[in-house]
Structures are given as structure tokens and as C-alpha cells.
Amino acid sequence: MATAELASRRESDYLSQLTMAATRYENRTERRERNRAVLETRGPLYADTPERVEKRLARLGTDWAMARAIERTPTEPASSAGSTLRLPPENVTSEMLGLERLIGRNNLTPIAFLEEGVQVSRSVGRITVSGPGGGHGTGFMVSPSLLLTNNHVLPGAQEADRGRVAFAFQDGVDGGPLVPAVFPLEPLRFFVTDRALDFSLVAVAPRGAQGEALASFGRLVLSEAQGKVVIGEYVNIVQHPRGEPKQIALRDNRVVDLLDRFLHYESDTREGSSGSAVFNDQWEVVALHHSAVPKTDAEGRPLSVDGTVWRPEMGEQQLAWRANEGVRISRVLEALRAIPLTGEAARLRDEVFTTGLVPSPGESAPPVPSPLGTSTLPGTDGSQARAADGAAQLTIPLRITLGLGLGLDAPLSSSAAPAPTVAPQPPPAGRPDIVSAVEKDVDAALTSHRLAQQGPYYDRTADIAARDAYYADVDPGSGGGALRDALTGLLTETHGPRPRYKPMSMVYPWVDLHKDGRLRSIYSGKDFSVEELIRADAAVAEARLARVQELLLRESTAGPAEFEAEFDALEASMPFNCEHVVPQSWFARKEPMRGDLHHLFACEVGCNSFRGNFPYFDFPDFDEAVREDCGMREDVGFEPEEGRGAVARATLYFLLRYPGQVGDAAREFPAERLPVLLKWHEGEAVSEYELHRNATIAEVQGNRNPLIDHPEWARAIDFTGVWP
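Re the overall build of the chain
Line of reasoning, step 1. A count of helices and strands for the chain gives 21 helices and 24 strands.
Line of reasoning, step 2. Looking at the chain as a whole, 55% of its 724 residues are labelled buried.
Line of reasoning, step 3. Considering only residue pairs separated by 6 or more positions, the chain has 71% of its internal contacts joining residues 24 or more positions apart.
Line of reasoning, step 4. When the accessible surface of the chain is split by element, carbon and sulfur atoms take 53% of a total near 29600 Å².

Shown next as C-alpha cells:
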């Protein structure tokens, strides 16, 4: 099938999935409202069916008598089955807190709740699919070898073969990013998928790219038992939203309805969260998160955030959501158990149903099965399992098919994090050349930093003279489009040399330095030493280079396009502590835009990722809103906590220097946002820090930022001509 045809089919399938989720949600409106009313007046013990509540209580190790006693004032008698139970306050122990939380009488929980959450989250990883239709999703280990995610994340073995999963892609306790462990997916060894229940199960290589053991990340034990959750209970979701570092939506997600195969809950999940594990308060998996329920019009068509009918080309981030839908894990297991498998494939499948630890099959990676050894195993229901040396891929008629694949190109983003410090990793085995090259870059950058500090931070007299000479042939009185075109020509003509993107050596040592010799995050204002950011990026550079060498070995078989896609995904998963105020995705990571120092700023990974590729936006309630250290982000855009004037001037420079490069896509900076930049520019005066940056960058790459040199020109320039 041609790439365009395949993409069109996936978009159609995705739209179909959204429509079905919305229909299910709409059909349950009356029941859901009744549930909410009962939850408001009586609580979770009465919103669900008595049978389900009894099973839930039994799973918590209690019964109706104890539940009703805690529900009332502790000393009030409560009758059950002809007996009277008194529950004095001193008898309410920590063992009862799970029950009290269910009833809503107590929001306390043992601290071990958080510790256990950290442990189970180790088994959750970010899935990246490279090449056509690629993107990000979430998955979690459910056996020593198998990873569970959505069908629309991995619709078939072809996509899975281009996929990998990264564990420990998250911030550490010190706020710095951990180095993720990346494992290839092995669909030839095992792959099954079910479009109706939107799940895929795939084998993962036992060893990661740097030799890490898959077994060290554990697995989540799944249970077919009933009673893991009831209507009104709160669930927890560990996820990689938009491909961001690992995050959790914790106890703010209420189950509002339980269907036969699905459950609906209100939670904060976003695209890229597909395939996340949904947990109850005992950290049991209750559902596989698979879809948000979109807002729809009278004809059932999904709506975008601006109220218009949503189209796939707008991107998932433009959808307006009402709720979330998960596939009940008991139904996933039921379907998985019914699949006819034999041999090694059956053994791998059966490990999902074991409750104890199962030894991983060997510590060394098993040989990849040869396609030449493929045979076909007929199923009793007309299905076929394609097996190769024990591997299996199933296509079951009417149920298990090649289906939806999300083409997500949303960037990495995360919640704000403290100062990133990445501990240098030991040299990759057999790769002394990589470490040597990176160490040389570190030494050179630190030397540049020491030498640069020997001179004045900013020489105002010399810079004014350089500024006046630079704009000698520009007539500011011409105004409008003439002034714009004159500046664009000047910035382009004088832009030489054109350094490539390398923040460790080009940004941190001197360009972005503040007068006190420290670096400050452009969005949060947090400060770092030059050496800590240089060494943090060096650790990331080592991991990148090692992975690139592996990709180069595969280029002849993967092809240039696939290699480029994998490299882009690699950059997204291992970002530097440097922010492009105009996101790289807006100009396809091309040079000289990518390395243009005028729009590069030090920025810890957390804030860099939190902003993502959202356009700048001025929130009316910014001062009153509860927001991250980095600023405020909603679907409409991002407003930084600090540095608004500096980023506005850097963005205006970019628009002048590269007219027509951004603003031609829905997710990029539209022309109507120009007043935001002008407001921020005028609201914060040019600082000595910006004057230092501008003068230093002019020495490096030749051109200057007119908005720093002449802030008064901003209103005279007709910027409308810089958009496509």
C-alpha cells in the first residue's frame, strides 16, 4: 500500500475510533449523570452495582458492615445482618485507609503508596516509532518479555519493527534527567494485536542499546479478577504525554462509568498517553488507556478547540476533549487468552498470566528469527498465526487487524524540573572514540569559558559604535515594508559564518552568560554553573553518538528516510539544555536556523520540553493561575514565567531573518499572535544581558538583532510580510 494511501487510511481509522468513543460516551449520558448524582449525595458504595461493590470490598479485605461503619461517624452504631458494629476512632488503623479513601472519609495514605508507585512506574516506557506514520506512545511490561500498548500505537508488525521503548525516560530526584535505557521491539519473536479492543502485545529485546538488562525494569502483574475498581473511585495514570518524560496523573481522575469492555474517567492525559497503565490505589492495573472522548457537534463530528469541525491534518493537540476512555484490563486478558497459539509463542503469552516472577529467557539477546523459516499455523476460528522459530504474528478475522496508526509529531515536553545534572556515564563498551571526542569538546568549551571571562562582560562604548556602523545604510524613516525588507537583507547578507547547532561550545561558555558568571534558564530563571550544563549535555552527547553509530550500521538496510526519522526521534528523546525560541519542528531542523545563536538560550530540559512547540500566548489570568515554574501551558499556547521580553525580541529577529519560514501550519506561530510579541517586547526593557548576547553573537556570526539595538523600531516595521 502506498505511503499516502496508508496515511489516509490511518487518519480515517483514527477518526472512526474517536467517533466510536464519543458515541459510547453519548449513549451513556443518562446513566453517567445518575452516577454523578449518587456520588454527590451518597458516595461510591451506592453508585455502582451491589455485586461490583461487594467484590471491591472483598478485594480490600472488608465487607459492607465495616464499610458502612466507617461511612458513618466512627462511634455511631451500624447494623448489618442483624448485628451491631461499633468502630471507635482508635480502631481506624492504617490498614483501613484504603477503605476510607474509597468512601471519601479520609485522604491520608501510607507513604509506602508513593514508594510503590515509583516501583511500578519503572515498568512503563515511552514507545517511539520511526519512519512514515511514526510518533510516540506509552507501553508497559506485562511479562519478562512482552510489552502492552494500543493497537493504534503499534497497528502491525511493520510499525513495531520500526519501534523501540525507552525506560527511565524521566527526571531524577535531583531534577536532572536520567539517561534512558532504549530497547528495540522484536515483533518477529512475538506480536499480536486486536483492533476492537485497541491493544497490541509485542516482544522486547532482552538487552538495551547500551547493554542494559530488560529484567531490571520489572513487569506489571495483570489480573482477570473482578473488583479492582468501582464507579466513583479515583485512578492513577503513569504516562508519557506527547512523548514527554514520564509523568503521573495522581488521584485526580474519577471513574464516572463502567461499561462491559470500557471505563470512562476524568483525567489529565494527552496525546502520546495512548497505551498508559491505569492503576487503582493499590497499584493494580485496571485499564489500558486508549482514547480521549472528543466533544462533537450535532452530527457526531469531533470538534477542535476553536469550535470548528476537527480534521486529522490539524493534529491531535487541536481536539477538544470531554473525558477519557480505557479498555478494561480483564477484557484484554480475556481476549488474549482466547488467541490460539502454540510452541514458544504460547509460552510467551502464558507468562502474562503468571503472578510470580518468571526468569527472563537468557541474559543474552536471542537470535532474530529468519523470515525464511516462517510457517503458518491455522487457528480454530479461521485465524492465522505466522510463526518463525517460535515467533508469532496473528491476524484474526473481524477482530485482529492492521488498523490505526497515530502519526504524532508533537515534540518532547514535560513538567518543569529543577536544575538538570546528568552524572557522566561510564564509557560505552568498545567505544573509547566516542568518549574521547566528547571529552575534547568539554575541555574546549571550559577553556573558552575561562578565556572569555578575562575580558569585560559588556563594552557599551565599543558596542554602540559597532551598532551605528552596522545600520549605517538603513533608513528607519522608511518604515513599513521597506524597513522590513531592508533589515531582512542586511541580516541575511551579514550572517556569516553560520555556526551549526552545538550549545555546549557555542551557547554556554560565553554567549548566554549573565554578568555574575552563571547561566539562567530563559523560562524559569533558575541558575546553573556553566560547567554543570556543559557536562550534562556531554553525557547526552555520548549516549547520542553511541546510538548514531548503531544507526549508521543499519543505514544500508533501513534506508536514508528511515535513518533520518530515527535520528530525529533520537534527538527528541535525548534533548540538550538549550531552547530554540522558534521550535525546530517549525523549520524542519534545518541550518542555519537551527544553529542561529540569536534564538538559542540556556534552558533546563524540563522547561525546554514543557514549552514544546507551542506558540507564545498571553494568558489574561496568568498572574492568578496555578502554573509550573516554567510558566503556563494550555492547548492554545505557552507563556513563560521569565524572559518574555528576550524571547519576544529573539522571535521577532527570526521572523525578519527568515521570512516565510514559520506560520504556515496550524501549530506554528500565526500572524494574529504578533501583538503578543510586541506587548512583551515593550513591557520588558532590553537588559545588559541581552546587549552582551547581541554583541557577542555579532562577533561570532556577523549579524545583529535590530529589536535589541533599536527597540523603538518594532512598531515601525510591517511584520505582516514575514508570514507565508
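We are not done yet, so read on.
Observations concerning the pattern of salt bridges
Line of reasoning, step 1. One pass over the structure, following the stated rule, counts 34 salt bridges.
Line of reasoning, step 2. Ionic pairing is found between Arg-52 and Asp-48, a salt bridge with its closest N-O pair at 2.9 Å.
Line of reasoning, step 3. Since its relative accessible area comes to 21%, Arg-52 is described here as partly exposed.
Line of reasoning, step 4. A salt bridge links Arg-693 to Asp-512; its shortest N-O distance comes to 2.6 Å. You can see Arg-693 sitting in helix H20 (residues 688-701) and its partner Asp-512 sitting in the loop between helix H14 (503-506) and strand S19 (519-520), a full 181 residues away along the chain. Like Asp-512, Arg-693 is buried.
Line of reasoning, step 5. When salt bridges with common partners are traced through the structure, they connect Asp-297, Glu-299 and Arg-301 into a single cluster.

Observations concerning the nonpolar core
The nonpolar side chains of a soluble globular protein tend to be buried, and buried together.
Line of reasoning, step 1. Counting residues in each nonpolar core, the largest one holds 82 residues, and the members touching the most others are Tyr-508, Tyr-523 and Tyr-616.
Line of reasoning, step 2. The dominant element in this core, judged by the number of residues it contributes, is helix H18 (residues 644-657), at 9 residues.
Line of reasoning, step 3. Membership of the second largest hydrophobic core comes to 36 residues, among which are Phe-113, Val-238, Trp-283 and Ala-335.

Points about the environment of Leu-185
Line of reasoning, step 1. Structurally, the position occupied by Leu-185 is in the loop between strand S7 (181-184) and strand S8 (191-194).
Line of reasoning, step 2. The exposure class of Leu-185 is buried, given its relative accessible area of 5%.
Line of reasoning, step 3. In this structure, Leu-185 is in contact with Leu-147, Leu-154, Ala-160, Gly-163, Arg-164, Val-165, Val-202, Ala-203 and Val-204, ignoring residues within four places of it in sequence.

Brief notes about the state of the cysteines
Line of reasoning, step 1. All chains considered together, the criterion is met by 1 disulfide.
Line of reasoning, step 2. The structure places no disulfide on Cys-578, whose sulfur is separated from the nearest cysteine sulfur, that of Cys-603, by 8.4 Å.
Line of reasoning, step 3. Free cysteine Cys-603: the closest other cysteine sulfur is in Cys-607, separated by 5.1 Å.

Quick notes on the side chain of Ser-304
Line of reasoning, step 1. With respect to the element layout, Ser-304 can be found in the loop between strand S14 (285-294) and strand S15 (321-328).
Line of reasoning, step 2. One polar contact links Ser-304 to Asp-306, side chain to side chain, over a distance of 2.3 Å.

Some thoughts on the packing of H18 against helix H19 (residues 674-683)
Line of reasoning, step 1. Their axes nearest at 8 Å, the elements H18 and H19 cross at an angle of 130 degrees. For the element pair H18 / H19, the angle class is oblique. Read as a crossing pair, H18 and H19 show a hand that is left-handed. Touching Arg-644, Gly-645, Val-647, Ala-648, Arg-649, Thr-651, Leu-652 and Leu-655 of H18 are Leu-674, Leu-677, Leu-678, Trp-680 and His-681, all from H19.
Line of reasoning, step 2. Of the residues that constitute the contact of H18 with H19, the class distribution is 8 nonpolar, 3 polar and 2 charged.

Describing empty space enclosed by the protein
Line of reasoning, step 1. Tallied over the full model, the rule gives 9 cavities of 30 Å³ or more.
Line of reasoning, step 2. Approximately 150 Å³ is the volume found for the largest cavity.

Side note on the pairing of strand S4 (residues 135-141)
Line of reasoning, step 1. In terms of burial, S4 is largely enclosed, as 7 of its 7 residues are buried.
Line of reasoning, step 2. Side chains of S4 alternate between two faces, with Gly-135, Gly-137, Gly-139 and Met-141 and His-136, Thr-138 and Phe-140 buried alike.
Line of reasoning, step 3. When S4 meets strand S5 (residues 146-149), the two strands line up antiparallel, connected through 2 bridges. Directly across from Met-141, in S5, lies its bridge partner Leu-147.
Line of reasoning, step 4. What sits between S4 and S5 in their antiparallel hairpin is a turn of 4 residues.

Looking at the pairing of strand S10 (residues 234-239)
Line of reasoning, step 1. For S10, a buried count of 5 out of 6 residues is recorded, marking the element as mostly surrounded by other parts of the structure.
Line of reasoning, step 2. Bridge count for S10 against strand S13 (residues 277-279) is 3 bridges, and the pairing is antiparallel. By the bridge assignment for S13, Ile-237 is matched with Val-278.

Digging into a negative patch on the surface
Line of reasoning, step 1. On the surface, a cluster of negative charge is contributed by Asp-621, Asp-623, Glu-624 and Glu-634.
Line of reasoning, step 2. Residue position: Glu-634 is located in strand S23 (residues 631-634).
Line of reasoning, step 3. Judged by relative accessible area, Glu-634 falls into the partly exposed class, the value being 37%.

Here's the deal with unusual backbone geometry
Line of reasoning, step 1. The amide bond that connects Gly-496 to the next residue, Pro-497, takes the cis arrangement and shows omega of 0 degrees.
Line of reasoning, step 2. With respect to the helices, strands and loops of the structure, Pro-497 is situated in the loop between helix H13 (480-493) and H14.
Line of reasoning, step 3. Geometrically, the link from Glu-591 to Pro-592 is a cis peptide bond, its omega value of 5 degrees lying close to zero.
Line of reasoning, step 4. With a phi angle near 55 degrees, Ala-588 is a residue other than glycine that sits in the positive phi range.
Line of reasoning, step 5. With respect to the element layout, Ala-588 can be found in the loop between strand S21 (578-580) and strand S22 (600-602).
Line of reasoning, step 6. Phi at Arg-589 takes a positive value of approximately 60 degrees, unusual for a residue other than glycine.
Line of reasoning, step 7. Note that Arg-589 resides in the loop between S21 and S22.

Re the confidence of the model for the chain
Line of reasoning, step 1. Residues at a pLDDT of 70 or more form 77% of the chain, whose mean pLDDT is 80.
Line of reasoning, step 2. Low pLDDT (under 50) marks residues 73-95, which in the prediction has 32 contacts with non-local residues, meaning those over four places away or in another chain.
Line of reasoning, step 3. Low confidence marks residues 357-430, where pLDDT is under 50. Its contacts with residues over four positions away, or in another chain, come to 217 contacts.

Quick notes on the packing of aromatic side chains
In this description, an aromatic ring pair is defined by two values, namely the gap between the centres and the angle between the planes.
Line of reasoning, step 1. Following the criterion strictly, the structure yields 17 aromatic pairs and no others.
Line of reasoning, step 2. Ring centres of Tyr-616 and Phe-638 lie 6.3 Å apart, and the angle between their planes is 40 degrees; on these two criteria the pair is classed as tilted. Taken as a pair, Tyr-616 in the loop between helix H17 (605-611) and S23 and Phe-638 in strand S24 (residues 637-640) lie far apart in primary sequence, 22 residues in all. Comparing Tyr-616 with Phe-638 shows no difference in burial state: the two are buried.
Line of reasoning, step 3. Directly above the aromatic system of Tyr-25 lies the positively charged group of Arg-32, at a separation of 3.4 Å from the ring centroid.

A word on the environment of Arg-242
Line of reasoning, step 1. As for its placement among the helices and strands, Arg-242 is situated in the loop between S10 and strand S11 (247-258).
Line of reasoning, step 2. In the structure, Arg-242 is positioned 107 residues away from Gly-135 in sequence and 9.0 Å away in space, judged by C-alpha atoms.
Line of reasoning, step 3. Of note is the side chain of Arg-242, whose polar atom sits 3.3 Å from the side chain of Asp-635.

Conventions used here
Residues numbered from 1 in each chain as written. Predicted model: local features only at pLDDT ≥ 70, side-chain atom pairs only at ≥ 80, totals over all residues. Heavy atoms only, no water. Helix = DSSP H or I, 4+ residues; strand = E, 2+ residues; numbered from the N terminus. Buried < 20%, exposed > 50% of the residue type's maximum accessible area, 1.4 Å probe, protein only. Contact = heavy atoms within 4.5 Å. Areas by Shrake-Rupley, 256 points an atom, 1.4 Å probe, with all protein chains shown as cover. Salt bridge = Lys/Arg side-chain N within 4 Å of Asp/Glu carboxyl O. Core = buried A, V, L, I, M, F, W, Y, C linked by side-chain atoms within 4.5 Å. Disulfide = S-S within 2.5 Å. Polar contact = N/O pair within 3.5 Å; in protein donor to acceptor, adjacent residues only side chain to side chain. Axes fitted to C-alpha atoms, helices over the stretch in contact; angles between N-to-C directions. Parallel < 35°, antiparallel > 145°, perpendicular 65-115°, else oblique. Left-handed = near helix turned anticlockwise from the far one by under 90°. Nonpolar A, V, L, I, M, F, W, Y, C, P; charged D, E, K, R; others polar. 1 Å grid on protein atoms, 1.4 Å probe; cavity = no way out; pocket = protein on both sides within 12 Å on 5 of 7 lines; lining within 4 Å. Points joined across faces, edges and corners; volume = space filled by probe spheres on them. Pairing = 2+ DSSP bridges. Patch = residues over 30% accessible without salt bridge, like charges linked within 9 Å, V, L, I, M, F, W, Y side chains within 5 Å. Lys, Arg positive; Asp, Glu negative; His and termini not counted. Charge placed at Lys NZ, Arg CZ, Asp CG, Glu CD. pLDDT = per-residue confidence, 0-100. Phe/Tyr/Trp six-rings, centres within 6.5 Å; stacked < 30°, edge-to-face > 60°. Lys NZ or Arg CZ within 6 Å of the ring centre and 35° of its normal.

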